[in-house]
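Close look at the chain arrangement
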Protein chains: 4
Amino acid sequence: MSAASKDSPTAILLVSCPDQPGIVSTISTYLFENKGNIVDIDQHVDQEAGAFFMRVEWEIDSFGIPRDEIGAAIEPFAEKFQMDWELYFTDIVPRVALFVTKENHCFYDLLSRHESGELRMEIPLIVSNRENLQPVAKRFNIPFHHIPITSETKAIREQEEIDLLRENGIDLVVLARYMQILSPKMTEAFPNQIINIHHSFLPAFPGARPYHSAYKRGVKLVGATSHYVTEDLDEGPIIAQGVTEVSHRDSVHDFIRKGRALEQTVLSRAVWLHLKRRTLVHENRTIVFS
Amino acid sequence: MSAASKDSPTAILLVSCPDQPGIVSTISTYLFENKGNIVDIDQHVDQEAGAFFMRVEWEIDSFGIPRDEIGAAIEPFAEKFQMDWELYFTDIVPRVALFVTKENHCFYDLLSRHESGELRMEIPLIVSNRENLQPVAKRFNIPFHHIPITSETKAIREQEEIDLLRENGIDLVVLARYMQILSPKMTEAFPNQIINIHHSFLPAFPGARPYHSAYKRGVKLVGATSHYVTEDLDEGPIIAQGVTEVSHRDSVHDFIRKGRALEQTVLSRAVWLHLKRRTLVHENRTIVFS
Amino acid sequence: MSAASKDSPTAILLVSCPDQPGIVSTISTYLFENKGNIVDIDQHVDQEAGAFFMRVEWEIDSFGIPRDEIGAAIEPFAEKFQMDWELYFTDIVPRVALFVTKENHCFYDLLSRHESGELRMEIPLIVSNRENLQPVAKRFNIPFHHIPITSETKAIREQEEIDLLRENGIDLVVLARYMQILSPKMTEAFPNQIINIHHSFLPAFPGARPYHSAYKRGVKLVGATSHYVTEDLDEGPIIAQGVTEVSHRDSVHDFIRKGRALEQTVLSRAVWLHLKRRTLVHENRTIVFS
Amino acid sequence: MSAASKDSPTAILLVSCPDQPGIVSTISTYLFENKGNIVDIDQHVDQEAGAFFMRVEWEIDSFGIPRDEIGAAIEPFAEKFQMDWELYFTDIVPRVALFVTKENHCFYDLLSRHESGELRMEIPLIVSNRENLQPVAKRFNIPFHHIPITSETKAIREQEEIDLLRENGIDLVVLARYMQILSPKMTEAFPNQIINIHHSFLPAFPGARPYHSAYKRGVKLVGATSHYVTEDLDEGPIIAQGVTEVSHRDSVHDFIRKGRALEQTVLSRAVWLHLKRRTLVHENRTIVFS
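The structure reproduced in this document is the subject of the present report. (Residues numbered from 1 in each chain as written. Chains lettered and ligands numbered in written order. Predicted model: local features only at pLDDT ≥ 70, side-chain atom pairs only at ≥ 80, totals over all residues.)

**What to know about the overall build of chain A**
Short version of the rule: The way it works is that DSSP assigns letters per residue, a run of H or I at least four long becomes a helix, a run of E at least two long becomes a strand, and they are numbered from the N terminus. Exposure criterion: with C-beta atoms placed from backbone coordinates, a residue whose C-beta has 20 or more other C-beta atoms within 10 Å is buried, one with 12 or fewer is exposed, and one in between is partly exposed. It is the C-beta atoms, placed from the backbone, that decide contacts: two residues are in contact if theirs lie within 7 Å.
Across its full length, chain A carries 8 helices and 13 strands. Considered along the principal axes of its C-alpha atoms, chain A spans approximately 60 × 40 × 40 Å. Within chain A, the fraction of its 290 residues that count as buried is 47%. Intrachain contacts of chain A at a sequence separation of at least 6 include 68% that bridge at least 24 residues.

As structure tokens, this is what we get:
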């Protein structure tokens, strides 16, 4: 390895395969022999599952293999080791759609981190089932799509949304307190590409009104959970979680207030990890290379 | 108020009643007029439930009413305000029974805090359904009662335990990783007097093997919960909770290891709060005056 | 006590005085006798300093004493107990000036919590020594005063700022990552009315570039501290603090990134506490009634 | 890689060197070619310092190179890459000396984790400058050396201690709230082999009575720091840190009480990391492979 020239673009390879000897040796030697200056490498063996995971990042400008030939070059290893792999280039900026409803805190937090450059992404569009946050979208000059959904219109509206996301080349959907359950059609269209923030420490208090349930149960900590969305509500792979202290002095409204700071922190962390290609999903759990 | 002479004994009054005007005024004036030097006073109104709670602590040596007449003196207020109340004197040291099985960490932690004086209690006896920790009890010169329990003997054995606790004047039972479910007979015999440590962030992962479930779910934090034991397993009023970070790198064994420090910290905190008479239970939730 | 009618205005009395018997009794009886429906009451005795502190909040509409006579009614007690006291009414909304420089995260966080109603305040103006965040102020339609400061102009510029704050009836100044040290003239003009966020766990790493110092020292947690600003840089009374984990994997830039979420959370919490009149300062420490 | 047979012994290689291409490739290929079944591999590049660090663990029983020849086999790489390296075998159990004074909580915590098998070490001896904890040592049947130290006797006594540690083949000294400053002679004799727990969040409140200083400063969190001991008091490389919330309600004694749970947790974590050979020191900072 050696230090990357600042801001020079890198390639990121994410690998999952059955654990077996020789994988690290093979890949690191391949990169070394092709002048791939490794900037970061991390791997993980899930001993119980017998599975191997790796994330390796190297400078692409000085690499000996042209970008469009890397895939073909990897194929022989991939076959040998039965690898699933994904390849990303950091100068191709992910395109992200934000879904919102009424709560503004996660929305503003993502927009401000986008503006400051912390979250490297493009936001071509915002979708909402309500009109409340349209003025915020306008302030940031981002097209706002108001797509109200009722049980009757759900199938049609979701198809519209899928079409919209496809047309705009969206890589990632962030549900920033979007209060509408997605159908399997939607979740299957974007596997491990939809991130939600749930306002509880899952698996405690799934579903609606978790702060009310937490208050009723008398917990001493409230939590927030960011996860990839799957067909099963609030059951998808967890990316990040956080908690904050509450006491008997806190009303439900205090739970909600304290939870807001937590939700935005946890969601922004999860989005950052995804955009940096630091997450891998394996059997409903995440490997987070951080 | 004025500062308590160090170590001078105090009286502690815990009050629960319907919220109504005049309670603080009445009680504080009563204490003031009888030269009750208030050391600490704290109250809480549960707006939603319309309930009032108070903990007041005052020096007893200089108080104008003899100890055995305080109850009678309180009665008129109690009637007027429909109060439930408890009265304690800090020079009467609580008598505590520890229940253990195989895990030693919570056990040692309680014993060391007892030895250092942090936990002001007497420990007349230890109960276990296994023999593993008998040597530890012996080291500390505390009688160890080995009471194995099977489904056939459960009713009889629990009655033996209740008798033993009664004979020894036990005020509090601490389940320090005691791996045996208590029957309603036992929990009803000691209402809000049995404290358990559950090795998860309740209500997530109740029941057996919570770390295994947490691992399987892929959570990013593991927790521990200390609560009063009620008839409903892992559903009693929560006194204290804590969490610690885990990652994909942690195996179930790492979850268990990281959880240990958490369990002992959370349990010792809950026991300290109880011994200081800082807890009140109302409708399956605790008020913790801390 | 009894539950407040939702949103009905309340009075808040904050009291500091030497600890002595009879204070709670006197004040609670006074309120009770004048039909002051207490919504919340909390007090604290600093045993070491022999000092007593109280915060009491009661419904004002049904109170037996007109607003403008409460001060006079309190005076006799105040004299008797040598009280310092402050009286607030919750229907008089505090007027807050935000001071910013280049970093946007605390700024957006305060604006979004203001917009959602969590932070109940008016923001008549924003002050900055740089122009970077003018567009943000514009988006929110808040007058932006660009007041650049050099060592030569500092005295004059600060006087301009003080005049501006006075003209606008500002009750609280929030330094939302404002990168300019205030002179004693300014801090004395607004005692306990200027809140700063410092990007370290004070008293560790005071002064400039704390994340760089933290990185160099190899800490495993980074922190943020919100405090009232006094003449002594980073030495004022602490209102709130938080920390987050870092590791050897984190560069200084990661420290800064992780710190952002912390800074905005800690600052917003401190501002909320101040606006709710839940803070009292005594000998460079805060009592936080929360 | 492939899963280790449970409990089969492993070799652990820790490497530090200037960052350069080919290191991972070279070492992983060497292990692969010699049938070294890698159980865990982790590395880190400090971009700023241009330094590379690696920890690799592999099964030793099936490895193609005999134990006593591994060092010689590594030498050529070590020379090529200018490596510092350390090699450990997990079936050689570290020998640890505990130094204590009066406080028992860290002491008991280490002993209980030793007894449960969590901390895999031998404890041939305990050293103390006071006699208070001799009974505890006796309970656990560990030789207790009472070595009182005054300014006059310090040089002689420390030499006795060093001799004692040498004679007993001690690998690691743990200062479990040992209240005596070590001289450079001692710290140089055991570089990165002495772990201390300091009862503050360093670099805040170094030196004596940190809880008193923290109380006086009015912090809202108290901390604990475990670090390797160097010549400079409380300035050594930090291994682990933790914090816990405090408020104005907490006296100095409460700070001390809350700190205890923190100190034992943080110290035990640091000792565990060291015993697992998961720590490396570079320019007064630690790399912690966890």
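**Things to note about helix α2 (residues 67-81) of chain D**
Since one α-helical turn is 3.6 residues long, residues separated by three or four positions face the same way. Residues and elements named next belong to chain D. In plain terms, the rule: Here a helix's expected span is defined as the number of its residues, less one, multiplied by 1.5 Å. To get the bend at a given residue, fit one axis to the seven residues ending there, fit another to the seven starting there, and take the angle between those axes.
Given a rise of 1.5 Å per residue, 15 residues ought to cover 21 Å, and the 22 Å separating the end C-alpha atoms of α2 matches this to within 8%. Helix geometry: α2 is bent most strongly at glutamate 75, by close to 35°, with proline proline 76 lying one to four residues after it. Where burial is concerned, little of α2 is hidden: 0 out of the 15 residues are buried. Positive backbone phi, at 55°, marks glutamine 82, one or two positions downstream of α2.

**Thoughts on the relation of the copies chain B and chain A**
Quick note on the threshold: Residues reaching a pLDDT of at least 70 in both copies supply the C-alpha atoms on which the copies are superposed by least squares.
Mapping chain B onto chain A calls for a rotation angle of 180° and an axial translation of 0.0 Å; the resulting RMSD is 0.0 Å. Expressed as a symmetry operation, the mapping of one chain copy onto the other fits a two-fold axis. Every residue of chain B has its C-alpha some distance from the rotation axis, and the shortest such distance is that of Ala204(B), at 2.3 Å. A high fraction, 100%, of the interface residues of chain B reappear at the interface in chain A, so the copies pair face to face through one surface.

**Thoughts on the sheet that holds strand β3 (residues 51-59) of chain B**
Residue and element names in this part refer to chain B. Spelled out, the test is: The criterion for strand pairing is that DSSP finds at least two bridges linking the strands in question. Axis angles are defined between N-to-C directions and span 0 to 180 degrees, where every axis is a line fitted to C-alpha atoms and, for a helix, only to the segment in contact.
Pairing is antiparallel across the open sheet formed by 4 strands, whose spatial order is β2-β3-β1-β4. Edge strands, defined here as strands with exactly one partner in the open sheet, are β2 (38-46) and β4 (84-89). In this sheet, adjacent strand axes meet at a mean angle of 10° when their direction is disregarded. As defined by bridge partners, strand β1 (residues 10-18) adjoins β4 across 6 bridges and the pair is classed as antiparallel.

**What about the sheet that holds strand β7 (residues 144-146) of chain A?**
Residues and elements named next belong to chain A. Overall, mixed pairing links the 7 strands, which are arranged β7-β6-β5-β8-β9-β10-β11 in an open sheet. The open sheet terminates on both sides in strands that have one partner only, identified here as β7 and β11 (238-245). Put simply, the sheet's adjacent strands are angled 15° from each other on average, direction ignored. Here strand β8 (residues 172-175) pairs with strand β9 (residues 194-198) via 3 bridges, running parallel.

**Structural notes on the packing of helix α3 (residues 105-115) of chain A against helix α3 (residues 105-115) of chain C**
A pair of packed helices is captured by two measures, namely the crossing angle of their axes and the spacing between those axes. Where we set the bar: The cut-offs work like this: below 35 degrees is roughly parallel, past 145 is roughly antiparallel, 65 to 115 is roughly perpendicular, and the gaps in between are oblique. Take the far helix as the reference: if the near one is turned anticlockwise from it by less than a right angle, the crossing is left-handed, and if turned clockwise, right-handed. In the scheme used here, Gly and all other residues not listed as nonpolar or charged are polar, with Ala, Val, Leu, Ile, Met, Phe, Trp, Tyr, Cys and Pro taken as nonpolar and Asp, Glu, Lys and Arg as charged.
Close contact between α3(A) and α3(C) brings their axes to 10 Å; oriented N to C, the two are set at 155°. Our classification of the angle between α3(A) and α3(C) gives roughly antiparallel. As α3(A) packs across α3(C), the resulting crossing turns out to be right-handed. Packed against α3(A), whose contacting residues are His105(A), Tyr108(A) and Ser112(A), the element α3(C) presents His105(C), Tyr108(C) and Ser112(C) at the interface. When its residues are assigned to classes, the contact of α3(A) with α3(C) shows 2 nonpolar, 4 polar and no charged.

**As for unusual backbone geometry**
Here the amide bond leading from Leu202(B) into Pro203(B) is cis, since omega sits at 10°, within 30 degrees of zero. In this structure, Glu283(D) takes a positive phi of about 50° despite not being glycine. On the basis of neighbour counts, which here come to 10 C-beta atoms within 10 Å, the residue Glu283(D) falls in the exposed class.

**Examining the interface of chain C and chain B**
Counting residues at the interface gives 22 residues for chain C, matched by 21 residues for chain B. If you list the elements that add at least two residues to the side of chain C that touches chain B, you get α1 (23-33) and β2 (38-46) of chain C. When residues in the side of chain C that touches chain B are grouped by element, the largest group, 6 residues, is from α1(C). Its residues assigned to classes, the side of chain C that touches chain B shows 9 nonpolar, 10 polar and 3 charged.

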